[in-house]
Amino acid sequence: MSYQVTARKWRPLVFEDVVGQSHVTSTLRNAITSNRLAHAYIFSGARGTGKTTTARILAKAINCTSPKDTNPDNECEMCKEITAGRSLDVIEIDGASNRGVEEIRNLRESVRYTPSRGKHKVYIIDEVHMLTKEAFNALLKTLEEPPEHVVFIFATTEVHKIPMTILSRCQRFDFRRISVDEIASNLREISREEGVSIDEEALLVIAKKADGALRDAQSIFDQIRSFCGNQIQAVDVLKVLNVVDQELFFRVTDLIKAQDARGGIQLVDEIVKGGYDLREFLGGLSEHLRNLLVVITTEATELVETSEPYRKRYREEAAHFRQSDILRLIRIVNELEQSIRWSAQPRFKLEAGLLQLIRLERSVQIDALLSQIDELKKKLGPGSNPGQRSVSNTPMDTGSEVRVVGPVSAGRLRSASPAFEPPPTRDAQAHHSTIGAASMDPPVAKSQSPAATQTAAALPEPMRHISAEEAYEQWQRWVGEVRKTKIGIGTILGESRLLDVIDGALHIACPDDYHVSSLKRHKEFLIDSFEKLTGFKLRIEPILHDTPKTSPSPSQPVNTSESPTAQSPSSPGNGNGSAEEHPVILALRRELGAEPVE
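Draft legend 1. Just the pattern of salt bridges, in detail. On inspection of all chains with the given rule, the structure shows 30 salt bridges. Between Asp269 and Lys273 there is a salt bridge; the shortest N-O distance is 3.2 Å. One end of the pair, Asp269, and the other, Lys273, are both in helix H13 (residues 261–273), 4 residues apart, so they sit about a helical turn from each other. Asp269 gets classed as partly exposed once you look at its relative accessible area, which sits at 22%. Taking relative accessible area as the criterion, Lys273 reaches 68% and is therefore assigned exposed.

Draft legend 2. Geometry of the environment of Phe530. For Phe530, the location among the structural elements is in helix H24 (residues 523–534). Sequence-wise, Phe530 and Trp475 are 55 residues apart; in three dimensions their C-alpha atoms are separated by 9.3 Å. Ignoring any residue separated from it by four or fewer positions in sequence, one finds Phe530 in contact with Ile466, Trp478, Leu506, Gly535, Phe536 and Leu538.

Draft legend 3. Expanded view of helix H2 (residues 22–33). With 12 residues, H2 should cover 16 Å at 1.5 Å per step; its first-to-last C-alpha distance of 16 Å lies within 8% of that length. Looking at the buried positions of H2, the neighbouring elements they touch are strand E1 (40–45), helix H3 (51–63) and strand E5 (171–175).

Draft legend 4. Seen up close, the nonpolar core. Phe281, Leu285, Leu350 and Leu357 are the most contacted members of the largest nonpolar core, which has 34 residues in total. Looking at this core, the elements with two or more residues in it are helix H12 (246–258), H13, helix H14 (278–298), helix H15 (308–318), helix H16 (323–339) and helix H17 (346–359). Setting aside its immediate chain neighbours within four residues, Leu357 contacts Ile256, Leu285, Leu329, Ile332 and Val333. The next biggest cluster of nonpolar side chains, apart from the first, holds 28 residues, and it includes Val205, Leu238, Leu241 and Val243.

Draft legend 5. Structural context of the sheet that holds strand E9 (residues 505–510). Taking strand neighbours across the sheet as the criterion, the 3 strands line up as E8-E9-E10 in an open arrangement whose pairing is mixed. This sheet does not close on itself; its edge strands, each paired only once, are strand E8 (497–502) and strand E10 (539–544). Ignoring which end each strand starts from, the neighbouring axes of this sheet average 30 degrees apart. Summarising the sheet, E8 and E9 pair through 5 bridges and their orientation is antiparallel.

Draft legend 6. Spatial organisation of the layout of surface pockets. If you add up the space inside the second largest pocket, you get close to 850 Å³. Forming the walls of the second largest pocket are 32 residues, and the residues nearest its centre are Val205, Lys208, Lys209, Val243 and Glu287. Taken together, the elements giving at least two residues each to the lining of the second largest pocket come down to helix H8 (180–194), helix H9 (200–210), helix H11 (234–241), H12, H14 and H15. Per-element tally for the lining of the second largest pocket: the top contributor is H14, with 7 residues. The residue makeup of the lining of the second largest pocket, split by class, is 13 nonpolar, 9 polar and 10 charged.

Draft legend 7. Up close: the pairing of strand E3 (residues 121–126). Counting buried positions over the 6 residues of E3 gives 5, a clear majority of the element. Where strand E2 (residues 90–94) lies against E3, 5 bridges are found, and the strand directions are parallel. Residue pairing across strands places Asp94 opposite Asp126, the latter belonging to E3. Between the parallel pair E2 and E3, the chain is carried across by helix H5 (residues 101–110), and the sense of this crossover is right-handed. In the sheet, E3 pairs with strand E4 (residues 150–156) via 6 bridges, with the strands oriented parallel. Residue pairing for E4: Tyr123 is matched across the bridge by Phe152.

Draft legend 8. Structural view of the packing of H12 against H14. Remark: H12 packs on H14, axes separated minimally by 10 Å, with the N-to-C direction vectors making an angle of 65 degrees. By the criterion of interaxial angle, the relationship of H12 to H14 is roughly perpendicular. Handedness of the crossing formed by H12 with H14: right-handed. Along its contact with H12, which presents Phe249, Phe250, Val252 and Thr253, the element H14 presents Phe281, Gly284, Leu285, His288, Leu289 and Leu292. Of the residues that constitute the contact of H12 with H14, the class distribution is 7 nonpolar, 3 polar and no charged.

Draft legend 9. Seen up close, the packing of aromatic side chains. Per the counting criterion, the structure on display carries 11 aromatic pairs. Arranged with centres 5.8 Å apart and planes meeting at 15 degrees, the rings of Phe250 and Tyr310 form a pair that is stacked. In this pair, Phe250 is assigned in helix H12 and Tyr310 in helix H15, connecting sequence segments 60 residues apart. A residue is classified by how much of its surface remains accessible, and Phe250, at 1% relative accessible area, is buried. In this structure Tyr310 comes out as buried when scored by relative accessible area, which is 12%. Residues Trp475 and Trp478 carry aromatic rings whose centres are separated by 5.7 Å and whose planes lie at 75 degrees to one another, so their mutual orientation is edge-to-face. Of the two residues, Trp475 and Trp478 both sit in helix H21 (residues 468–485), 3 residues apart, roughly one turn of that helix. Residue classification places Trp478 among the buried positions, given a relative accessible area of 0%. The rings of Tyr41, Phe43, Phe173 and Phe175 are connected pair by pair, giving a single aromatic cluster. Positioned above the aromatic ring of Phe250, the side-chain terminus of Arg313 is 4.1 Å from the ring centre.

Draft legend 10. Just the packing of H21 against helix H22 (residues 487–495), in detail. Put simply, H21 and H22 touch, their axes get as near as 6 Å, and they point 155 degrees apart. For the element pair H21 / H22, the angle class is roughly antiparallel. Contact residues: Trp475, Trp478, Val479, Val482, Arg483 and Thr485 in H21; Ile487, Ile489, Gly490, Thr491, Leu493 and Gly494 in H22. Residues belonging to the contact of H21 with H22 are distributed by class as follows: 7 nonpolar, 4 polar and 1 charged.

Draft legend 11. Just H8, in detail. Compared with the 21 Å implied by 1.5 Å per residue over 15 residues, the 21 Å span of H8 between its first and last C-alpha is a close match. For H8, the complete set of buried residues consists of Val180, Ile183, Ala184, Asn186, Leu187, Ile190 and Ser191. All buried residues of H8 lie within an arc of 160 degrees about the axis, which places them on one face of the element. For H8, the exposed residues set more than 90 degrees away from the buried face come down to Asp181 and Arg192. Contacts from the buried residues of H8 go to helix H1 (6–9), strand E6 (197–198), H9 and helix H10 (214–228). In the stretch just after H8, Gly195 is the one whose phi turns positive, near 75 degrees.

Draft legend 12. Quick peek at unusual backbone geometry. Backbone geometry places Asn242, a non-glycine residue, at a positive phi of 55 degrees. Tracing the sequence through the fold places Asn242 in the loop between H11 and H12. Judged by relative accessible area, which is 30%, Asn242 ranks as partly exposed.

Conventions and cut-offs
- Residues numbered from 1 in each chain as written.
- Predicted model: local features only at pLDDT ≥ 70, side-chain atom pairs only at ≥ 80, totals over all residues.
- Heavy atoms only, no water.
- Salt bridge = Lys/Arg side-chain N within 4 Å of Asp/Glu carboxyl O.
- Helix = DSSP H or I, 4+ residues; strand = E, 2+ residues; numbered from the N terminus.
- Buried < 20%, exposed > 50% of the residue type's maximum accessible area, 1.4 Å probe, protein only.
- Contact = heavy atoms within 4.5 Å.
- Expected span 1.5 Å × (residues − 1).
- Core = buried A, V, L, I, M, F, W, Y, C linked by side-chain atoms within 4.5 Å.
- Pairing = 2+ DSSP bridges.
- Axes fitted to C-alpha atoms, helices over the stretch in contact; angles between N-to-C directions.
- 1 Å grid on protein atoms, 1.4 Å probe; cavity = no way out; pocket = protein on both sides within 12 Å on 5 of 7 lines; lining within 4 Å.
- Points joined across faces, edges and corners; volume = space filled by probe spheres on them.
- Nonpolar A, V, L, I, M, F, W, Y, C, P; charged D, E, K, R; others polar.
- Right-handed = clockwise from strand over helix to strand, strands pointing away.
- Parallel < 35°, antiparallel > 145°, perpendicular 65-115°, else oblique.
- Left-handed = near helix turned anticlockwise from the far one by under 90°.
- Phe/Tyr/Trp six-rings, centres within 6.5 Å; stacked < 30°, edge-to-face > 60°.
- Lys NZ or Arg CZ within 6 Å of the ring centre and 35° of its normal.
- Arc of directions from axis to C-beta.

Next comes the structure, spelled out in C-alpha cells:
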C-alpha cells in the first residue's frame with residue numbers, strides 16, 4: 001500500500017475517536033438511538049476540527065447494515081464503500097467548485113431517486129458558504145421538504161456567510177477549537193503506535209503551532225518526522241518550524257528587571273539574524289507576559305499552556321513583577337505589534353519598543369504612598385528632634401497647600417531648576433510673623449544646627465511681582481520671541497490667551513487638551529523665555545478654557561471668576577477627599593510635573 005499522511009491514516013472511524021467534539025457526537029448518537037434524525041445538519045467551526053470526518057461517520061452510522069452501539073462497524077460492504085468514497089448513496093460535493101445554480105438544479109433532480117443500497121441518501125456539501133445567492137435560493141424548497149430518504153449535511157468555516165433562510169432549516173452544530181492538551185495527547189498516541197520517540201516539549205510546540213486544528217498538528221508531525229526520523233527533540237521542532245524559543249522571552253523579562261538597554265539591542269540583533277518573524281516574536285512576548293499576569297493574579301500555573309519546568313519558572317519570575325507593571329508592559333507590546341505591521345523599518349521599531357520596556361519605571365500605588373506619608377507625618381510631630389527639619393504644629397488637612405522644600409528625588413527630572421513657590425498671602429505672612437515672634441522668646445542656642453542652616457539655604461528666593469496689566473502688555477512680544485525659537489510652541493501659545501496672574505502663576509487659557517499638554521511639556525522653556533523678556537520668573541499654568549484664540553487687549557479687565565482657583569473641580573479646597581486631590585499629589589504635579597499612570 002502506498003504511503004498515507006497521518007491525517008488520512010488516523011482519521012476517526014467511530015464517534016468516540018473524534019477529538020474534542022463530545023457535545024456534537026453525543027447529540028448525534030442520541031438522535032440515532034431515539035430515531036429523531038433530522039433531514040438537514042450544518043457543521044460550522046475552524047479548519048481541522050473534524051466537521052467532514054463527523055459527517056462521514058454519521059453517513060456510515062445511518063446506513064450501516066450491522067451498527068454497534070450507534071457506531072458503524074466499518075466492516076460491512078456499505079461502510080467500506082463510504083470510507084473509500086465510492087458509495088452511490090453518499091455524495092460529497094465541493095461547494096467551492098460546484099457553486100452555481102445549475103449544479104443545485106441537478107442536485108434537486110437526483111434527490112428524487114431512492115438510495116441504491118443503503119437506508120438513506122446523504123449529501124455532504126463542504127464549504128457550503130461558497131454557494132451563490134441564486135444557488136441557495138434554488139435549494140430552499142428542497143431543503144425545507146426533502147424526501148424521507150434524503151439527509152443533507154453542510155460543512156463550513158464561515159457560517160456567517162450562509163443566509164438565515166438556510167440556517168433556519170438546519171440543525172446547527174458548532175465545532176470548537178481543540179485544546180493544546182487534547183492535540184498533544186492525540187499526537188502522543190499516534191507516536192506510540194508508529195514507534196516514534198518524541199519529548200513532551202516538542203509535543204507542546206507542535207500543538208501550540210497548530211492553533212486548535214488537529215489536522216494541522218498531524219501535518220506538522222509528518223513534516224518533523226521527515227526531518228528527524230523516529231527521534232524527535234524540541235530543538236529540532238524549533239529549527240524546522242522557525243518558532244521563537246521560549247528562552248528568548250524569559251531573557252526579555254530578565255533584561256527588564258536589570259534595565260539592561262545594551263542587552264536589549266543585542267537581543268534584537270540576535271532575533272533578526274536568526275530569521276524570526278518580528279510580529280511572531282511580539283505575539284509570543286505578549287503571550288509570555290500574559291502567562292506572568294495569570295500567575296500573579298491567580299497564584300497558580302494551571303492556566304498556563306506550557307511544560308512543567310516552564311511553569312516552575314513562571315512561578316519564580318512572577319515574584320519580581322507587580323500586576324500593574326505587567327499590564328503596562330502588555331499594553332506597550334500590543335501597540336508595538338500593531339505599529340510594526342506598517343513600518344518600513346520594523347527592526348528600528350522593535351529596538352525602540354524594547355528599550356521602552358526596559359527603561360519603564362515601576363509604578364507606585366497612590367494609596368500605599370499616601371499611607372506612608374501619613375505615617376511619616378505622625379512620626380515627625382511636635383516632639384521630633386531639633387536637628388530634623390521643622391514641621392508646622394498645625395495638622396495638614398486636605399484643603400491646605402503642600403510646599404516641597406529641599407532636595408526631592410522623583411526619578412529623572414528634565415532640569416535641575418528650583419521648584420517655584422507662589423508669594424505668601426496675608427494670612428501666611430501673619431502666620432510666619434507669629435512663628436518668628438514665638439521663636440524670639442528665650443533663645444535656646446546661639447547658633448543654628450547644620451541641618452537648619454541647610455534647610456534655610458534650600459529655601460527659594462521670593463518671587464518678584466508682576467501685575468496682570470504688565471503681563472498683558474508683554475503677551476504679544478513673548479509670543480513672538482517664543483515663535484523665533486520654537487515655532488510650533490509659539491503657534492500653540494498664540495492660539496491660547498492670557499487669563500490672569502494669580503499668586504506668582506501665569507494662567508494661560510487653552511482651547512483644547514492638546515494645547516494644554518503641549519504647553520505643560522514645555523513649561524521650563526516658557527518660564528525661561530518669559531524671564532529673559534520681562535525679568536519676572538513666574539510659574540506657567542495652562543488650563544482648559546473655552547475661549548477665543550485671540551488674546552485680549554491690555555485694557556480689558558481681568559476676569560478673576562475664570563481663574564482655575566475658582567472653577568477647578570479638582571481644587572484641594574473642595575474637600576471631596578479623593579486620592580488625586582490629596583495635597584501631596586497636587587504638590588507632586590505642581591512642583592515635579594508628575595502625571596498619573598493608568
